[in-house]
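Observations on the model geometry
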Amino acid sequence: MDGKVRVQATINGQPVEFLCEPRQSLLECLRDILGLTGTKEGCSDGNCGACSVLLNGRLVNSCLVLGVEIDGGEVTTVEGLAGPDGLHPLQQAFIDHAALQCGYCTPGMLLAAKALLDRDPDPSEERIRQWLAGNLCRCTGYDRIVRAVQDAARRMRRDADVHAEG
Amino acid sequence: MSTPRDERKPVTDEPVSLRVIGTRPPLYGAVDKVLGRAVFGADVSLPELLHGKVLRSPHAHARILSVDTRRAEGYPGVHAVVTARDLPEGAGEQFERDNTLAGDKVLYVGHPIAAIAAESPHIAEEALALIDVQYEVLPPVLDVRRAMQADAPLLHETLRTWSLAGQAASPSNVAEHLQHVKGDPEQGFAEADVIVERSFTTTMVHQGYIEPHASTALWHPDGSLTVWTCTQGAFPVREHLSSLLDLPMARIRVVPTEIGGGFGGKASSYVDVVAALLARKAGRPVKVVMGRDEVLKATGPTPGTFIRVRMGARRDGRIVAAEAELCYEAGAYPGSSVGSGADTIFACYDIPNARVDGYDVVVNKPKTSSYRAPGATPAVFAVEQVVDELAERLGIDPLDFRLLNCAREGTRRVSGQPYPRVGFAEVLQAAKAHPHYSAPLGGPNRGRGIAFGYWGNWAGQSCCTISVNADGTVSLLTGSVDVSGALTGIAMQAAEELGLELRQVQARVADTASIGYTDVSAGSRTTFGTGLAAIEAARDVIAQMRARAARLWGVPVETVSYDRVVFTTSVDPTKRLSFRELAAQLSATGGPVMGRGNVDGDVLRRGGAPGLHIADVELDPETGKVTVLRYTAVQDVGRAVHPGNVEGQIKGGVAQGIGWALYEGCFYGEDGQLLNPTLLDNKLPTAMDIPVVEPVIVEVPDPVHPYGVRGAGETPIVPVAGAIANALYRITGRRMERLPMTPAYVLERMGVI
């Protein structure tokens, strides 16, 4: 255990405590220590976005964050998107719009889209494209991903309205 | 039982009302993927797992004088160190062996030399620095034309050129010179009123799959081996392991994981043998995951090329002669895609007199691998600009010129074979009728270009089994890896044959111990070739179930038929059983029913898919930046089994083509160092760079497939660079003779810099 650091954090709403080496990235901690392999490694230098997660509500490349940095923080990964009632509207929209092919970029893409919709429930197409420009997809040509995010935004606004009225 | 191979005839079914084919169900595995539960290569985990890292050459060309691993072996946490000496003596083909772990020489920056298994990837990486390799550095050769010169540094002292004349006497970097001749090219050029000749160079480009290669090896106490790997083909990986480890195929089980993109690059095996060697030496399972820099330095790229094209046409618009010289970089070992480049370059046209010369040339860069329609994109970039120029010189609309000269059924290709029915003309007519072709450009510095491309189907060999369950559902297994939804398209064909809903068919990709040999998912073959296996397996199921119904009813089997709704007999019209009702009675009528399909699709006459692309681009004359504004891709897909999936292939292929056309490339320094080994500098298109691509599906059924399916996945990348180049010509008045067409290159062609 020499040289390892104890980290306490909330991951996908659950309190988590683990030991990691100071040099281990958040991506490594999620995948190799906590078994949350939904977050993907594509480059480990912050250029592909496959490892995108939310840290304290902010979109980050988990390969560029050290595991020790999340101490006391909150992390959301793809495993934390679906709720007790089923898929998150973004997940459902990605399936409905065939916005994934190989699916490797999908977890990061979903988290990036969630971070956008958390800030702007009704983004323009241009804003969606700008926001997702840090997440590479090699299969789809992107336009179905953009459509899926637009559709999910519509569904989420509608659900919010229903809640507000209810 | 299934039909014996020699009796299997190409079938063209009577048109039936299709219930599954042509619909757009969600793809198998999509829910797992959005939940983050799909298991990709690096997601495999086992008890006692160790992590492997590979030591790679820092030199592009060097003799290895010595490799001393002793210090690394003693490093705390290290469990095994392997080099080429750990490969069984004499096992495998020499080049395959040397590219797995270098022997006497390293031939590119990134060439594997040794590997280490340790408790963590970090420890393995630290220990790599303790391996002492002594080199005698040699001058590298990096350019295909330089490598062809007699005084160029030689990569392999044993390599001698193969050609139609046999094998040359002296060593060379040219592994092969191939040639196709049709008619009398000299005579043809003598008849031409207009002749255009141009030369083009293109840079190596990487496939750019987002998932790096990853392989996990586990040896069992009985000496057998299991390997989990992200690959386009589990069986070729098994064969590779068997050959290099000198192990019987039956003792190796390769389990293909989900695959995070491949595009041809995962048709090659890089770290599977290394993981197996490490695991054997360490006595524990080992996982090797490549880093992005390793992927870019040591895997995949498609060849850089030099291509010269000369074509002649008569005043009446007929192309009468053509010749092409294609020089392709194979990378460090022979085997570039020059063969399919040569096969494709004039494939869209009916040309009476033509000659094609192709050269497969080794250079000090990574061994190239397939990339989506391998070899075709550079060839079509070249030929489509020459065709465009001919049309312009003759004053004929470029689409009309292509219609005048396009290949038709029976046209003999320059490479020899006559075409079966292929929708060349139908695609051109659909493009001409599309509103995009006549729409206004809507602004200055804008241009529209078109290009025509073709990619032939490889059918290959495939296996599929279908087991009938007592509740009327079926379980389908195939050896084809599910690249981008192919599994769904395969299962849809089985469901159609069986008269079932797709949700009653559960399809899975099997490992190599659970199904018969199946070729890689590549070559636009999977939905076509493995689809044929699925259809055969489904027909086998129906034949067996007809026999069960006959037994139940006490009637001759010939009288029992199945119309994809109910089994009936002509003997007694009151007897009727649905698939589900009969499935429930299998146990009592002879036991389980399992259908099999094992096909060699290459005995069938070979078709393919032509595509015509229309690109509108805008050029910023100050910066040279090119923006693609509108894009339409018209393609003959035979029959779209899953139209949404076909459209996805077209959109994705065009996106890759745009990157290749405008900025992607592997750029090397004079010393052979890769200058852009990150995705920051090796830029792939982002959501900001790709317009909405409009796919236009044309369906001219392929006569050899029961539903008319053609392979659709590769054609979409083929015409893109050519269409964009022709659009840029309309703006600049300059032909683009180099890929990628970077802002600096475009400005250079315009004479601005």
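Brief notes about the overall build of chain B
When helices and strands are counted, chain B shows 20 helices and 29 strands. For chain B, whose C-alpha radius of gyration is 27 Å, the value lies close to the compact-globule estimate of 27 Å for 753 residues. With respect to the three principal axes, the spread of C-alpha positions in chain B is 85 × 75 × 50 Å. Taking all 753 residues of chain B together, the buried fraction comes to 59%. Once local pairs closer than 6 in sequence are excluded, the contacts in chain B between residues at least 24 apart make up 80%.

Considerations on the overall build of chain A
Helix and strand counts for chain A come out as five helices and five strands. Going residue by residue from the N terminus, the α and β elements of chain A occur as β-β-α-β-β-β-α-α-α-α. Here the C-alpha atoms of chain A give a radius of gyration of 16 Å, agreeing with the 15 Å that 2.2 N^0.38 yields for 166 residues. Projected onto its principal axes, the C-alpha coordinates of chain A cover approximately 50 × 40 × 25 Å. Counting all 166 residues of chain A, 55% fall into the buried class.

Digging into the domain arrangement of chain A
All names here are of chain A. Under the domain assignment, chain A is made up of domain 1 (5–80) and domain 2 (89–165). Of the residues lining the interface, 13 residues belong to domain 1; the matching set on domain 2 comes to 13 residues. For the side of domain 1 that touches domain 2, the element with the highest residue contribution is strand S3 (residues 52–55), accounting for three residues. Across the side of domain 1 that touches domain 2, the residue classes tally to seven nonpolar, five polar and one charged.

Considering the sheet that holds strand S26 (residues 608–619) of chain B
All names here are of chain B. Here four strands make up an open sheet; going across it, the order is S18-S26-S27-S28 and the pairing mixed. Each of the sheet's edge strands pairs with one partner strand only, and the pair in question is strand S18 (446–456) and strand S28 (693–698). Averaged over all neighbouring strand pairs, the angle between strand axes comes to 15°, with direction disregarded. Bridging between S26 and strand S27 (residues 626–636) involves nine bridges; their strand directions are antiparallel.

Considerations on the pairing of strand S1 (residues 5–11) of chain A
All names here are of chain A. Here seven bridges tie S1 to strand S2 (residues 14–20), and the two strands are oriented antiparallel to one another. Considered in S2, the bridge of Val5 is made with Cys20. Joining the antiparallel neighbours S1 and S2 is a turn of two residues, in which Asn12 adopts a positive phi near 55°. As paired elements, S1 and strand S5 (residues 74–76) share two bridges and run parallel to each other. When the sheet's bridge partners are listed, Ile11 is paired in S5 with Val75.

Concerning the domain arrangement of chain B
Residue and element names in this part refer to chain B. With domains assigned, chain B is organised as domain 1 (5–38 + 459–603), domain 2 (41–138 + 212–259 + 265–298) and domain 3 (305–457 + 606–749). Taking the mean C-alpha position of each, domain 1 and domain 2 sit 39 Å from one another. The interface is formed by 15 residues belonging to domain 1 together with 14 residues belonging to domain 2. Residue composition of the side of domain 1 that touches domain 2, grouped by class: eight nonpolar, five polar and two charged.

Observations concerning the sheet that holds strand S6 (residues 132–137) of chain B
All names here are of chain B. Read from one edge of the open sheet, three strands run S4-S2-S6, paired in antiparallel fashion. With partners counted over all chains shown, the strands left at the sheet margins are strand S4 (105–106) and S6, one partner each. Pairing geometry for strand S2 (residues 62–68) and S4, over two bridges, is antiparallel. The residue bridging Ala62 from the neighbouring strand is Val106, located in S4.

A few points about the nonpolar core
All names here are of chain B. Within the largest apolar cluster, 294 residues are counted, with the highest numbers of intra-cluster contacts made by Leu278, Ala494, Ile724 and Leu728. Looking at which element gives the most residues to this core, the answer is helix H16 (residues 526–553), with eleven residues. The residues contacting Leu728, other than those within four sequence positions of it, are Gly447, Val617, Leu619, Val626, Met736, Met741 and Val746.

Points about the packing of helix H2 (residues 89–96) of chain A against helix H5 (residues 143–165) of chain A
Residue and element names in this part refer to chain A. One can describe the packing of H2 onto H5 by two numbers: an axis separation of 8 Å at closest approach and a directional angle of 135°. The angle between the axes of H2 and H5 places the two elements in the oblique class. As H2 packs across H5, the resulting crossing turns out to be right-handed. For the pair formed by H2 and H5, the contact residues are Pro89, Leu90, Ala93 and Phe94 on the first element and Ala148, Asp151, Ala152, Arg155 and Met156 on the second. A class-by-class count of the residues in the contact of H2 with H5 yields seven nonpolar, no polar and two charged.

Let's talk about helix H19 (residues 720–732) of chain B
Side chains of residues three or four places apart in an α-helix project in the same direction, reflecting 3.6 residues per turn. With 13 residues, H19 of chain B should cover 18 Å at 1.5 Å per step; its first-to-last C-alpha distance of 18 Å lies within 8% of that length. Of all the residues in H19 of chain B, the buried ones are Val720, Ala721, Gly722, Ala723, Ile724, Ala725, Asn726, Ala727, Leu728, Ile731 and Thr732 of chain B.

Comments concerning the interface of chain B and chain A
With 42 residues of chain B at the interface, the matching set in chain A holds 40 residues. Of all elements in the fold, only helix H1 (30–35) and helix H18 (643–662) of chain B reach the threshold of two or more residues within the side of chain B that touches chain A. Per-element accounting of the side of chain B that touches chain A gives the leading share, seven residues, to H18 of chain B. Among the residues forming the side of chain B that touches chain A, the class breakdown is 21 nonpolar, 14 polar and seven charged.

Some details on the pairing of S2 of chain B
Relative to S6 of chain B, S2 of chain B runs antiparallel, the two sharing six bridges. Note that in S6 of chain B the partner of Ala62 of chain B across the bridge is Val137 of chain B.

What about unusual backbone geometry?
With an omega of 0°, the peptide bond running from Leu739 of chain B to Pro740 of chain B counts as cis. Of note, Pro740 of chain B is situated in the loop between strand S29 (738–739) and helix H20 (743–749). For Asn56 of chain A, which is not a glycine, the phi torsion comes out positive at approximately 50°. If you trace the backbone, Asn56 of chain A turns up in the loop between S3 and strand S4 (58–61). Of note, the phi angle at Glu48 of chain B is positive, near 65°, even though the residue is not glycine. By the element assignment, Glu48 of chain B lies in the loop between H1 and strand S1 (50–56). What makes Glu48 of chain B exposed here is the crowd of 10 C-beta atoms within 10 Å.

Some points on H16 of chain B
All names here are of chain B. In a regular helix each residue adds 1.5 Å, so 28 residues correspond to 40 Å; H16 covers 39 Å between its end C-alpha atoms and thus fits that length. By the criterion of burial, H16 is predominantly enclosed, with 20 of the 28 residues buried. Where H16 ends, the next residue or the one after it, Gly554, has phi of about 65°, a positive value.

Things to note about the confidence of the model for chain B
The predicted structure's coordinates, where accompanied by low pLDDT, should not be read in detail. All names here are of chain B. Chain-level statistics for chain B give a pLDDT mean of 96 and a share of 98% at 70 or above. Across residues 1–15, confidence stays below pLDDT 50; counting only partners more than four residues off in sequence or on other chains, it has 13 contacts. Interface confidence in the predicted complex, given as ipTM, is 0.97; pTM for the same model is 0.96.

Digging into the environment of Arg58 of chain A
Examined against the element boundaries, Arg58 of chain A turns out to sit in strand S4. Each C-alpha atom, one on Arg58 of chain A and one on Thr76 of chain A, is 9.6 Å from the other, the two residues being 18 residues apart in sequence.

What to know about the packing of helix H7 (residues 234–245) of chain B against helix H8 (residues 272–282) of chain B
Two measures define how a pair of helices packs: the angle their axes make with one another and the distance between the axes. Residues and elements named next belong to chain B. It is at 10 Å that the axes of H7 and H8 come closest, and there the two elements cross at 50°. Judged by the inter-axis angle, H7 sits oblique to H8. Classified by chirality, the crossing of H8 by H7 is right-handed. Of the residues in H8, those in contact with Val237, His240, Leu241, Leu244 and Leu245 of H7 are Asp272, Val273 and Ala276.

Conventions and cut-offs
- Residues numbered from 1 in each chain as written.
- Chains lettered and ligands numbered in written order.
- Predicted model: local features only at pLDDT ≥ 70, side-chain atom pairs only at ≥ 80, totals over all residues.
- Helix = DSSP H or I, 4+ residues; strand = E, 2+ residues; numbered from the N terminus.
- Rg over C-alpha atoms; globule rule 2.2 N^0.38 Å.
- Buried ≥ 20, exposed ≤ 12 C-beta atoms within 10 Å, placed from the backbone.
- Contact = placed C-beta atoms within 7 Å.
- Domains from an automatic or database assignment.
- Nonpolar A, V, L, I, M, F, W, Y, C, P; charged D, E, K, R; others polar.
- Pairing = 2+ DSSP bridges.
- Axes fitted to C-alpha atoms, helices over the stretch in contact; angles between N-to-C directions.
- Core = buried A, V, L, I, M, F, W, Y, C linked by C-beta atoms within 7 Å.
- Parallel < 35°, antiparallel > 145°, perpendicular 65-115°, else oblique.
- Left-handed = near helix turned anticlockwise from the far one by under 90°.
- Expected span 1.5 Å × (residues − 1).
- pLDDT = per-residue confidence, 0-100.

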